[in-house]
Amino acid sequence: MADHTIKGLPAPPTKYDGSALRIGIVHARWNDVVIKSLVAGTVNKLKEQGVKEENIVIKSVPGSYELPFATQKLIAGGKAQSAKAEPSLIGATNLLGSLVDEVRSGTPAPETKGATREFDAVIAIGVLIKGSTMHFEYISEAVTHGLMRVQLDTGTPVVFGVLTALTDEQALVRAGIGSDPQQKGHNHGEDWGLAAVELAASVSEWG
Ligand code: DLZ
(Lines give C-alpha, C1' and ligand atoms only; values in the text may rest on other atoms or scores of the structure.)
Protein backbone atom coordinates (compact mmCIF):
# COMPACT_ATOMS: atom_id res chain seq x y z
CA MET A 1 0.00 0.00 0.00
CA ALA A 2 1.35 3.46 -0.90
CA ASP A 3 2.36 5.74 1.97
CA HIS A 4 0.47 8.69 0.50
CA THR A 5 -2.78 8.56 -1.36
CA ILE A 6 -5.39 11.10 -2.41
CA LYS A 7 -8.21 8.59 -2.11
CA GLY A 8 -8.57 5.64 0.21
CA LEU A 9 -6.81 4.55 3.38
CA PRO A 10 -3.11 5.41 3.69
CA ALA A 11 -0.71 3.14 5.58
CA PRO A 12 -1.27 3.43 9.36
CA PRO A 13 1.14 5.67 11.29
CA THR A 14 2.52 2.60 13.00
CA LYS A 15 2.16 -1.17 12.64
CA TYR A 16 -0.19 -2.25 15.37
CA ASP A 17 0.27 -5.55 17.16
CA GLY A 18 -2.86 -7.65 16.97
CA SER A 19 -1.46 -10.70 18.75
CA ALA A 20 -3.44 -10.16 21.98
CA LEU A 21 -6.69 -9.13 20.29
CA ARG A 22 -9.96 -11.01 19.95
CA ILE A 23 -11.89 -9.90 16.87
CA GLY A 24 -15.41 -10.82 15.80
CA ILE A 25 -16.68 -10.84 12.23
CA VAL A 26 -20.43 -10.87 11.59
CA HIS A 27 -21.29 -11.17 7.91
CA ALA A 28 -24.48 -11.28 5.89
CA ARG A 29 -24.92 -14.05 3.31
CA TRP A 30 -26.79 -12.04 0.68
CA ASN A 31 -24.60 -11.50 -2.41
CA ASP A 32 -22.46 -14.43 -1.45
CA VAL A 33 -19.60 -14.22 -3.97
CA VAL A 34 -18.74 -10.68 -2.94
CA ILE A 35 -19.19 -11.48 0.76
CA LYS A 36 -16.81 -14.45 0.60
CA SER A 37 -14.07 -12.35 -0.99
CA LEU A 38 -14.54 -9.52 1.53
CA VAL A 39 -14.43 -11.90 4.51
CA ALA A 40 -11.30 -13.59 3.12
CA GLY A 41 -9.61 -10.19 2.63
CA THR A 42 -10.54 -9.15 6.17
CA VAL A 43 -9.24 -12.36 7.76
CA ASN A 44 -5.98 -12.24 5.76
CA LYS A 45 -5.30 -8.70 6.92
CA LEU A 46 -6.14 -9.50 10.54
CA LYS A 47 -3.66 -12.38 10.49
CA GLU A 48 -1.05 -10.18 8.80
CA GLN A 49 -1.43 -7.81 11.77
CA GLY A 50 -0.75 -10.65 14.18
CA VAL A 51 -4.29 -11.60 15.20
CA LYS A 52 -4.30 -15.31 16.00
CA GLU A 53 -6.69 -17.52 14.03
CA GLU A 54 -8.25 -18.86 17.22
CA ASN A 55 -9.05 -15.29 18.26
CA ILE A 56 -11.05 -14.56 15.11
CA VAL A 57 -14.70 -15.52 15.58
CA ILE A 58 -16.85 -15.56 12.43
CA LYS A 59 -20.66 -15.59 12.53
CA SER A 60 -23.19 -15.21 9.72
CA VAL A 61 -26.72 -13.84 9.37
CA PRO A 62 -29.08 -13.91 6.37
CA GLY A 63 -28.93 -10.27 5.26
CA SER A 64 -27.41 -6.91 6.10
CA TYR A 65 -30.53 -5.80 7.94
CA GLU A 66 -29.69 -8.38 10.62
CA LEU A 67 -26.16 -7.05 11.17
CA PRO A 68 -26.80 -4.51 13.97
CA PHE A 69 -28.77 -6.95 16.13
CA ALA A 70 -26.30 -9.80 15.57
CA THR A 71 -23.32 -7.55 16.24
CA GLN A 72 -24.86 -6.36 19.48
CA LYS A 73 -25.55 -9.97 20.57
CA LEU A 74 -21.99 -11.05 19.78
CA ILE A 75 -20.52 -8.19 21.77
CA ALA A 76 -22.88 -8.82 24.71
CA GLY A 77 -22.05 -12.56 24.67
CA GLY A 78 -18.34 -11.78 24.83
CA LYS A 79 -18.82 -9.40 27.74
CA ALA A 80 -20.96 -11.96 29.60
CA GLN A 81 -18.35 -14.71 29.12
CA SER A 82 -15.66 -12.35 30.32
CA ALA A 83 -17.65 -11.40 33.43
CA LYS A 84 -18.28 -15.07 34.26
CA ALA A 85 -14.63 -16.08 33.91
CA GLU A 86 -12.63 -16.03 37.13
CA PRO A 87 -10.33 -12.97 36.79
CA SER A 88 -7.37 -14.66 38.45
CA LEU A 89 -7.80 -17.65 36.15
CA ILE A 90 -7.80 -15.41 33.07
CA GLY A 91 -4.64 -13.74 34.29
CA ALA A 92 -2.94 -17.05 34.99
CA THR A 93 -3.96 -18.48 31.60
CA ASN A 94 -2.68 -15.43 29.76
CA LEU A 95 0.57 -15.44 31.64
CA LEU A 96 1.10 -19.11 30.94
CA GLY A 97 0.24 -18.65 27.22
CA SER A 98 2.71 -15.77 26.95
CA LEU A 99 5.45 -17.73 28.64
CA VAL A 100 4.93 -20.69 26.32
CA ASP A 101 5.06 -18.36 23.28
CA GLU A 102 8.21 -16.77 24.65
CA VAL A 103 9.97 -20.09 25.14
CA ARG A 104 8.90 -21.35 21.68
CA SER A 105 9.93 -18.27 19.74
CA GLY A 106 12.95 -17.28 21.79
CA THR A 107 11.73 -13.68 21.79
CA PRO A 108 9.87 -11.88 24.56
CA ALA A 109 6.12 -12.43 24.29
CA PRO A 110 4.12 -9.29 23.42
CA GLU A 111 2.38 -7.78 26.36
CA THR A 112 -1.23 -8.94 26.40
CA LYS A 113 -3.90 -6.50 27.42
CA GLY A 114 -5.26 -9.10 29.80
CA ALA A 115 -6.96 -10.71 26.80
CA THR A 116 -10.38 -11.74 28.02
CA ARG A 117 -13.17 -13.43 26.16
CA GLU A 118 -14.50 -9.97 25.39
CA PHE A 119 -14.22 -8.77 21.80
CA ASP A 120 -11.76 -5.95 21.20
CA ALA A 121 -13.55 -5.05 17.97
CA VAL A 122 -16.23 -6.47 15.70
CA ILE A 123 -16.35 -6.10 11.92
CA ALA A 124 -19.84 -6.14 10.37
CA ILE A 125 -19.76 -7.15 6.70
CA GLY A 126 -22.62 -6.87 4.25
CA VAL A 127 -23.20 -6.14 0.58
CA LEU A 128 -26.23 -4.12 -0.43
CA ILE A 129 -26.85 -3.77 -4.15
CA LYS A 130 -29.46 -1.36 -5.43
CA GLY A 131 -32.51 -2.93 -7.04
CA SER A 132 -35.58 -1.40 -8.60
CA THR A 133 -37.41 -0.54 -5.38
CA MET A 134 -36.59 1.57 -2.30
CA HIS A 135 -35.43 -1.47 -0.32
CA PHE A 136 -31.76 -0.58 -0.78
CA GLU A 137 -32.18 2.93 0.62
CA TYR A 138 -34.14 1.82 3.68
CA ILE A 139 -31.82 -1.06 4.58
CA SER A 140 -28.66 0.97 3.95
CA GLU A 141 -29.81 3.75 6.24
CA ALA A 142 -31.10 1.44 8.99
CA VAL A 143 -27.94 -0.66 9.02
CA THR A 144 -25.63 2.35 9.02
CA HIS A 145 -27.41 3.97 11.96
CA GLY A 146 -27.85 0.62 13.73
CA LEU A 147 -24.15 -0.24 13.62
CA MET A 148 -23.15 3.22 14.79
CA ARG A 149 -25.56 2.87 17.70
CA VAL A 150 -24.18 -0.53 18.65
CA GLN A 151 -20.61 0.69 18.94
CA LEU A 152 -21.53 3.82 20.90
CA ASP A 153 -23.91 1.92 23.21
CA THR A 154 -21.56 -0.99 23.88
CA GLY A 155 -18.23 0.86 23.85
CA THR A 156 -16.81 -1.84 21.57
CA PRO A 157 -15.53 -0.63 18.20
CA VAL A 158 -17.66 -1.78 15.27
CA VAL A 159 -16.06 -1.51 11.83
CA PHE A 160 -18.50 -0.59 9.07
CA GLY A 161 -17.86 -3.26 6.47
CA VAL A 162 -21.00 -2.70 4.46
CA LEU A 163 -20.81 -2.00 0.74
CA THR A 164 -23.69 0.05 -0.66
CA ALA A 165 -23.24 -0.48 -4.39
CA LEU A 166 -25.36 0.86 -7.21
CA THR A 167 -24.37 -2.01 -9.55
CA ASP A 168 -23.08 -5.59 -9.25
CA GLU A 169 -19.79 -4.50 -10.81
CA GLN A 170 -19.24 -1.78 -8.20
CA ALA A 171 -19.57 -4.42 -5.50
CA LEU A 172 -17.24 -6.87 -7.27
CA VAL A 173 -14.55 -4.21 -7.79
CA ARG A 174 -14.67 -3.23 -4.11
CA ALA A 175 -14.09 -6.85 -3.20
CA GLY A 176 -11.09 -7.10 -5.55
CA ILE A 177 -12.87 -9.43 -7.97
CA GLY A 178 -14.02 -7.06 -10.73
CA SER A 179 -14.95 -8.81 -13.97
CA ASP A 180 -12.40 -6.80 -16.01
CA PRO A 181 -9.00 -8.45 -15.43
CA GLN A 182 -7.36 -5.02 -15.84
CA GLN A 183 -9.54 -3.50 -13.11
CA LYS A 184 -10.16 -6.16 -10.52
CA GLY A 185 -10.16 -3.48 -7.82
CA HIS A 186 -9.06 -3.36 -4.21
CA ASN A 187 -10.51 -5.69 -1.57
CA HIS A 188 -12.01 -3.37 1.03
CA GLY A 189 -12.03 -6.20 3.54
CA GLU A 190 -8.30 -5.57 3.96
CA ASP A 191 -9.00 -1.99 5.07
CA TRP A 192 -11.61 -3.21 7.53
CA GLY A 193 -9.15 -5.67 9.08
CA LEU A 194 -6.60 -2.88 9.48
CA ALA A 195 -9.19 -0.53 10.95
CA ALA A 196 -10.28 -3.14 13.50
CA VAL A 197 -6.73 -3.71 14.74
CA GLU A 198 -5.99 0.02 14.89
CA LEU A 199 -9.21 0.75 16.83
CA ALA A 200 -8.69 -2.14 19.21
CA ALA A 201 -4.96 -1.70 19.79
CA SER A 202 -4.83 2.07 19.82
CA VAL A 203 -8.04 4.09 20.03
CA SER A 204 -9.63 1.87 22.68
CA GLU A 205 -6.70 2.66 24.98
CA TRP A 206 -7.24 6.42 24.83
CA GLY A 207 -10.05 6.67 27.35
C1 DLZ B 1 -34.39 -8.22 1.14
C2 DLZ B 1 -32.98 -7.87 0.79
C3 DLZ B 1 -32.70 -7.23 -0.43
C4 DLZ B 1 -33.76 -6.86 -1.41
N5 DLZ B 1 -31.45 -6.93 -0.80
C6 DLZ B 1 -30.44 -7.23 0.05
C7 DLZ B 1 -29.10 -6.92 -0.29
O8 DLZ B 1 -28.76 -6.41 -1.37
N9 DLZ B 1 -28.13 -7.22 0.62
C10 DLZ B 1 -28.41 -7.78 1.83
O11 DLZ B 1 -27.47 -7.99 2.62
N12 DLZ B 1 -29.67 -8.10 2.17
C13 DLZ B 1 -30.68 -7.86 1.31
N14 DLZ B 1 -31.97 -8.18 1.64
C15 DLZ B 1 -32.23 -8.96 2.90
C16 DLZ B 1 -32.37 -8.10 4.15
O17 DLZ B 1 -31.12 -7.56 4.55
C18 DLZ B 1 -32.91 -8.95 5.33
O19 DLZ B 1 -32.17 -10.12 5.45
C20 DLZ B 1 -34.37 -9.33 5.14
O21 DLZ B 1 -35.15 -8.20 4.88
C22 DLZ B 1 -34.91 -10.05 6.41
O23 DLZ B 1 -34.85 -9.20 7.54
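Residues numbered from 1 in each chain as written. Predicted model: local features only at pLDDT ≥ 70, side-chain atom pairs only at ≥ 80, totals over all residues. Heavy atoms only, no water.

**Section: the site of the ligand**
Rule in force here: Near, as used in this document, describes a residue that has one of its heavy atoms within 4 Å of the molecule or strand being considered. Under the convention used here, a 1.4 Å probe and the Shrake-Rupley method define accessible areas, while residue burial counts only the protein chains that appear. Helix and strand assignments follow DSSP, with helices taken as H or I runs no shorter than four residues and strands as E runs no shorter than two, numbered in order from the N terminus. Three categories are distinguished: nonpolar for Ala, Val, Leu, Ile, Met, Phe, Trp, Tyr, Cys and Pro, charged for Asp, Glu, Lys and Arg, and polar for the others, with Gly belonging to the last.
In the region of the ligand, the neighbouring residues are Trp30, Asn31, Gly63, Ser64, Tyr65, Glu66, Val127, Leu128, Ile129, His135 and Ile139. For the ligand, whose accessible area on its own is 490 Å², the fraction buried by protein is 72%. Within the residue set of the shell around the ligand, elements represented by two or more residues are strand E3 (121-129) and helix H4 (135-154). Take the shell around the ligand: its biggest share by element is three residues, from E3. Of the residues assigned to the shell around the ligand, the class counts are six nonpolar, four polar and one charged.

**Regarding the pattern of salt bridges**
Using the following cut-off: Salt bridges, as used here, are contacts in which a Lys or Arg side-chain nitrogen is within 4 Å of a carboxyl oxygen on Asp or Glu. For every residue, the accessible area (1.4 Å probe, protein chains only) is compared with the maximum for its type, and the residue is labelled buried under 20%, exposed over 50%, or partly exposed between those bounds.
Summed over all chains, the structure comprises six salt bridges. For Glu53, the salt bridge goes to Lys47, with nearest N and O atoms at 3.4 Å. Since its relative accessible area comes to 55%, Glu53 is described here as exposed. Given a relative accessible area of 36%, Lys47 falls into the partly exposed group. Between Glu118 and Lys79 there is a salt bridge, with the nearest N and O atoms lying 3.1 Å from each other. With Glu118 in the loop between helix H3 (87-105) and E3 and Lys79 in helix H2 (residues 67-84), the pair connects residues that are 39 residues apart, well separated along the chain. When its relative accessible area of 29% is taken as the criterion, Lys79 is described as partly exposed.

**Notes on the sheet that holds strand E1 (residues 23-28)**
Condition: Paired strands, as defined in this entry, are two strands with at least two bridges between them according to DSSP. Only C-alpha atoms enter the line fits that serve as axes; for helices the fit covers just the stretch in contact. Angles between N-to-C directions range over 0 to 180 degrees. Two residues form a contact once any of their heavy atoms are found within 4.5 Å.
Overall, parallel pairing links the four strands, which are arranged E2-E1-E3-E4 in an open sheet. At either margin of the open sheet sits one strand with a lone partner, and together these are strand E2 (56-61) and strand E4 (158-165). Strand-to-strand twist in this sheet, taken as the mean axis angle between neighbours without regard to direction, amounts to 15°. Pairing of E3 with E4, which is carried by eight bridges, proceeds in the parallel orientation. Note on E4: the bridge partner recorded for Val127 is Leu163. Each of E3 and E4 is contacted by H4, which is oriented at about 170° to E4, the strand it contacts most.

**Observations regarding the packing of aromatic side chains**
Heads up, the rule is: Aromatic rings from Phe, Tyr and Trp, taking only the six-membered ring of Trp, are treated as a pair when their centres fall within 6.5 Å; an angle between ring planes under 30 degrees marks them as stacked, one over 60 as edge-to-face, and anything in between as tilted. Any Lys NZ or Arg CZ found within 6 Å of a ring centre and within 35 degrees of that ring's normal is scored as a charge over the ring.
Considering all chains together, one arrives at zero aromatic pairs under this definition. Cation over ring: Arg22 sits above Phe119, and NZ or CZ is 4.2 Å from the ring centre.

**Quick word on the nonpolar core**
Which entries qualify depends on this criterion: As used in this record, nonpolar core signifies buried Ala, Val, Leu, Ile, Met, Phe, Trp, Tyr and Cys residues forming a set joined through side-chain atoms within 4.5 Å.
Ranked by size, the top nonpolar core spans 26 residues in total, and within it Ile23, Val34, Leu38, Leu46, Ile123 and Ile125 carry the most contacts. Residue assignment for this core shows that the elements contributing at least two residues are E1, helix H1 (32-48), E3, E4, helix H5 (168-174) and helix H6 (188-201). Looking at which element gives the most residues to this core, the answer is H1, with six residues. If near-sequence neighbours (up to four positions away) are discounted, Leu38 is found in contact with Ile125, Val127, Leu163, Arg174, Ala175, Asn187, His188, Gly189 and Trp192. In terms of nonpolar packing, the next biggest core, distinct from the first, is built from 18 residues, Leu67, Ala70, Phe136 and Val162 among them.

**So, H1**
An α-helical segment advances 3.6 residues per turn. Residues three or four places apart therefore align on the same side. Worth spelling out the cut-off: Helix span is expected to be 1.5 Å times the residue number reduced by one.
When the terminal C-alpha atoms of H1 are compared, their 24 Å separation across 17 residues agrees well with the 24 Å that a helix rising 1.5 Å per residue should span. If you check which residues of H1 are buried, you get Val34, Ile35, Ser37, Leu38, Val39, Gly41, Thr42, Val43, Lys45 and Leu46. Residues of H1 that are buried make contact with E1, E2, E3, E4, H5 and H6.

**Comments concerning the confidence of the model for the protein chain**
For the record, the criterion: What pLDDT expresses is the predictor's confidence in each residue, scored from 0 to 100.
Per-residue confidence for the protein chain averages 88 on the pLDDT scale, and 83% of its residues sit at or above 70. Low pLDDT, under 50, characterises residues 108-114; the stretch is placed with 17 contacts to residues that sit more than four places away or in other chains.

**Comments concerning the environment of Asp191**
Within the secondary structure, Asp191 sits in helix H6. A relative accessible area of 13% means that Asp191 is categorised as buried. The sequence separation of Asp191 and Ala11 amounts to 180 residues, and the corresponding C-alpha distance is 9.8 Å.

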